[in-house]
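Listed below, chain by chain, are the residues.
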Amino acid sequence: FSGSGALGIEALSRGAESVEFVEHSRETIRCIQQNLKITKLEAKVHEMDAFKFLQLYGEQDRYSLIFADPPYDKRPDTASLTQRLLLEPRLVACLKENGIFVLEKNARVACEIPPVWSELRRKRYGDTEVIYLSRG
């Protein structure tokens, strides 16, 4: 759920050691690669479904920060997509002990935060809600 790659590119420009983008849309992958080229930054870009990525690469204690922006208002199953992500045990496992998971979602669609997560903060920007989570 990388979108244009703006958040990851911003992180790289501010000194992040590394960034990995996971996106299944070939068109969006081209956009990320173009944005990386323009900014002269380097990152790994994985062209695959986020859940498949977690299945293949969801190793223990791998990431300090994870951003996810599942599509919403575009698909009828978006609420379940966000909820499915929150329930994915490999996502929890691949976050470092003191890591943060930042989830962007449709503010108009409720979702339940499972007890494996601890909510740190929640911000609303119009129809968008950003939830900051850590391992529960």
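Residues numbered from 1 in each chain as written. Predicted model: local features only at pLDDT ≥ 70, side-chain atom pairs only at ≥ 80, totals over all residues. Heavy atoms only, no water.

What follows is about helix α2 (residues 26-39). An α-helix turns once per 3.6 residues; consequently, residues spaced three or four apart project the same way. The first and last C-alpha atoms of α2 sit 20 Å apart over 14 residues, in line with the 20 Å expected at 1.5 Å per residue. Within α2 the residues assigned to the buried category are Thr28, Ile29, Ile32 and Leu36. Down the axis of α2, the sector holding all buried residues measures 105°, keeping them to one side. In this structure, α2 carries Arg26, Glu27, Lys37 and Ile38 as exposed residues pointing more than 90 degrees from its buried face. As for α2, its buried residues are in contact with α1 (6-13), β1 (20-23) and β2 (44-47). Of the residues flanking the end of α2, it is Lys40, one or two places downstream, whose phi is positive at about 60°. (Helix = DSSP H or I, 4+ residues; strand = E, 2+ residues; numbered from the N terminus. Expected span 1.5 Å × (residues − 1). Buried < 20%, exposed > 50% of the residue type's maximum accessible area, 1.4 Å probe, protein only. Arc of directions from axis to C-beta. Contact = heavy atoms within 4.5 Å.)

On to the nonpolar core, then. The biggest cluster of nonpolar side chains holds 23 residues, and the ones touching the most others in it are Phe1, Ile66, Leu85, Leu86, Leu91, Phe101 and Trp117. Put simply, the parts of the chain that give this core at least two residues each are α3 (50-57), β3 (63-68), α4 (78-87), α5 (89-94), β4 (95-106) and β6 (128-135). Setting aside chain neighbours within four positions, we find Leu85 in contact with Phe1, Phe51, Leu54, Ala68, Pro70, Leu91, Phe101 and Leu103. Residues Ile9, Leu12, Ile32 and Leu36 belong to the second largest nonpolar core, which totals six residues. (Core = buried A, V, L, I, M, F, W, Y, C linked by side-chain atoms within 4.5 Å.)

With that settled, the discussion passes to α1. Turning to α1, its buried residues number three or more, namely Gly8, Ile9 and Leu12. End-on view of α1: buried residues confined to an arc of 100°, all on one side of the axis. Where the residues of α1 are buried, they touch β1 and α2. Phi for Gly15, located one or two positions after α1, is positive at around 105°.

All chains considered together, the criterion is met by three aromatic pairs. Ring plane angle 80° and centroid distance 6.2 Å describe the contact between Phe1 and Phe51, whose orientation is recorded as edge-to-face. Of this pair, Phe1 sits in the segment before α1 while Phe51 sits in helix α3, and the two are 50 residues apart along the sequence. Taken together, a centroid distance of 5.1 Å and an interplanar angle of 35° make the contact between Phe101 and Trp117 tilted. Placement of the pair is Phe101 in strand β4 and Trp117 in strand β5 (residues 117-125), with a sequence separation of 16 residues. A relative accessible area of 5% places Trp117 in the buried class. Above the face of the Tyr132 ring, Arg121 is positioned so that its terminal group lies 4.5 Å from the ring centre. (Phe/Tyr/Trp six-rings, centres within 6.5 Å; stacked < 30°, edge-to-face > 60°. Lys NZ or Arg CZ within 6 Å of the ring centre and 35° of its normal.)

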